[in-house]
Every structure is written in structure tokens, then in C-alpha cells.
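Tertiary structure, described
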Amino acid sequence: MKAISVFQERINELFRRHAYNMAAEGEKMTRQDYANRVGTTVNALRGWLAGTGQPDADGLARIASVEKVSVDWLVGKSPEPEGEAVGDPQRARLIKSIKEADLQTLAQLEQFYNYLEYQKNQSEQPAVPDSKAASR
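Now for a look at the structure at hand. (Residues numbered from 1 in each chain as written. Predicted model: local features only at pLDDT ≥ 70, side-chain atom pairs only at ≥ 80, totals over all residues. Heavy atoms only, no water.)

Observations concerning the overall build of the protein
- A count of helices and strands for the protein gives 8 helices and 0 strands.
- Reading the secondary structure of the protein in the N-to-C direction produces α-α-α-α-α-α-α-α.
- Counted over contacts in the protein with a minimum sequence separation of 6, partners at least 24 positions apart contribute 43%.
- When the accessible surface of the protein is totalled, it reaches about 10,100 Å², and 51% of it is carbon and sulfur. (Helix = DSSP H or I, 4+ residues; strand = E, 2+ residues; numbered from the N terminus. Contact = heavy atoms within 4.5 Å. Areas by Shrake-Rupley, 256 points an atom, 1.4 Å probe, with all protein chains shown as cover.)

Here is the structure:
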């Protein structure tokens, strides 16, 4: 049995994720669509998905840029898909700071995050009419 490469596993994950997102929007995605998205041919993409080929360095960089993941993640050198290579150093610094935070700081961050989620959910709730105002 042939071992699956990390790149093969990750490109399949990205392909499925994009197909799922398209389906959620009521659209169907083909391999040709995805090949166009990542700037390659459908034959090259088939090879990547099947594990019989891999992109060159430029191809890896293009995929990483389009999918907003790091090249290191694509090839298995990083367990985290995000990184400074994706052009978002502020996010990478924040993720690194959170990973290095002490327990007290993590607890405070969790409370603050929960508060932000609560606020977001409140703003998404439809306004409930005031029953007294409605009866006037």
C-alpha cells in the first residue's frame, strides 16, 4: 500500500474545503475550476490529488497565497496552516502570542473572546418589537 504524502493529504483537504464552500453557495466545483483557482493545469492537479506529482516551488507559493496557508504547512513542516508566509504577519504574531501565553492570560483571552461572540450574536438577532409600543 502506497503511503500518502503530506502534500497530497493537504491539497486534497484544500480541494474538499473549497468544494464544500462552493456547494454551500449552491455552486458545483470541478477539478478544472480548482486548477484555474490555484494556477495549474487539470492534469497537474489530478496528479497532486492522486499523489503522483507535486508542484514546483512557484506552484507551492501560488497555492499557499491563494488558499491563505503557509508553504511550510503544505509540505508538512508546520502543523499550523497559517503563518507569516501568507502575507498576514499581524495574525501570525497574534497566534504565536496566544500559544506562548500563561494560563491567566489565556483565561482572560477566553473571557474576552466569549464576550465578543456574545456581542456578535446580539447584533445578529432580529429586533424584537416592544409589546407596549406595538399596542399604541
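Concerning the environment of Ser5
- Position of Ser5 among the secondary structure elements: in the segment before helix H1 (6-24).
- Given the relative accessible area of 25%, Ser5 is considered partly exposed.
- Distance in space between the C-alpha atoms of Ser5 and Gln54 is 9.7 Å, their sequence separation being 49 residues.
- In this structure the side chain of Ser5 is engaged in a polar contact, spanning 2.9 Å, whose partner is the backbone nitrogen of Gln8. (Buried < 20%, exposed > 50% of the residue type's maximum accessible area, 1.4 Å probe, protein only. Polar contact = N/O pair within 3.5 Å; in protein donor to acceptor, adjacent residues only side chain to side chain.)

As for a nonpolar patch on the surface
- Residues Leu94, Ile98, Leu103, Leu106 and Leu109 make up a contiguous nonpolar surface patch of about 460 Å² in total accessible area.
- In terms of residue count, the dominant contributor to the nonpolar patch is helix H7 (residues 103-124) (3 residues).
- Relative to the helices and strands, Leu109 resides in helix H7.
- By relative accessible area, Leu109 is classed as partly exposed at 37%. (Patch = residues over 30% accessible without salt bridge, like charges linked within 9 Å, V, L, I, M, F, W, Y side chains within 5 Å. Salt bridge = Lys/Arg side-chain N within 4 Å of Asp/Glu carboxyl O.)

Regarding the nonpolar core
- Tyr34, Ile63 and Leu74 are the most contacted members of the largest nonpolar core, which has 19 residues in total.
- Of all the elements in the fold, those that place two or more residues in this core are H1, helix H2 (31-38), helix H3 (42-50), helix H4 (57-67) and helix H5 (71-74).
- Ignoring sequence-local partners within four residues, the contact set of Ile63 consists of Phe7, Ile11, Leu14, Val38, Trp48, Pro55, Lys68 and Leu74. (Core = buried A, V, L, I, M, F, W, Y, C linked by side-chain atoms within 4.5 Å.)

Quick notes on the packing of H2 against H4
- Here H2 crosses H4 at 100°, and the two axes come no closer than 8 Å. The orientation of H2 with respect to H4, classified from their angle, is roughly perpendicular. Facing H2, whose interface residues are Tyr34, Arg37 and Val38, H4 presents Arg62, Ile63, Val66 and Glu67.
- Among the residues making up the contact of H2 with H4, the classes are represented as 4 nonpolar, no polar and 3 charged. (Axes fitted to C-alpha atoms, helices over the stretch in contact; angles between N-to-C directions. Parallel < 35°, antiparallel > 145°, perpendicular 65-115°, else oblique. Nonpolar A, V, L, I, M, F, W, Y, C, P; charged D, E, K, R; others polar.)

Section: the packing of aromatic side chains
- Counted under the stated rule, the structure contains 2 aromatic pairs.
- With a centroid separation of 6.0 Å and 80° between ring planes, the pair formed by Phe7 and Trp48 is classed as edge-to-face. You can see Phe7 sitting in helix H1 and its partner Trp48 sitting in helix H3, a full 41 residues away along the chain. Just as Phe7 is buried, Trp48 falls in that class too.
- On the numbers, 5.3 Å between centres and 90° between planes, the contact of Phe15 with Tyr34 is edge-to-face. Of this pair, Phe15 sits in helix H1 while Tyr34 sits in helix H2, and the two are 19 residues apart along the sequence.
- The exposure class assigned to Phe15 is buried, which follows from its relative accessible area of 15%. (Phe/Tyr/Trp six-rings, centres within 6.5 Å; stacked < 30°, edge-to-face > 60°.)

A short note on H4
- Every buried residue of H4 is accounted for by Gly59, Leu60, Ile63, Ala64 and Glu67. What you see down the axis of H4 is that its buried residues fit within an arc of 135°, all on one side. For H4, exposure combined with an orientation more than 90 degrees from the buried face picks out Ala57 and Asp58.
- Packing partners of the buried residues in H4 comprise H1, H2, H3 and H5.
- Just downstream of H4 lies Lys68, where phi reads positive at about 55°. (Arc of directions from axis to C-beta.)

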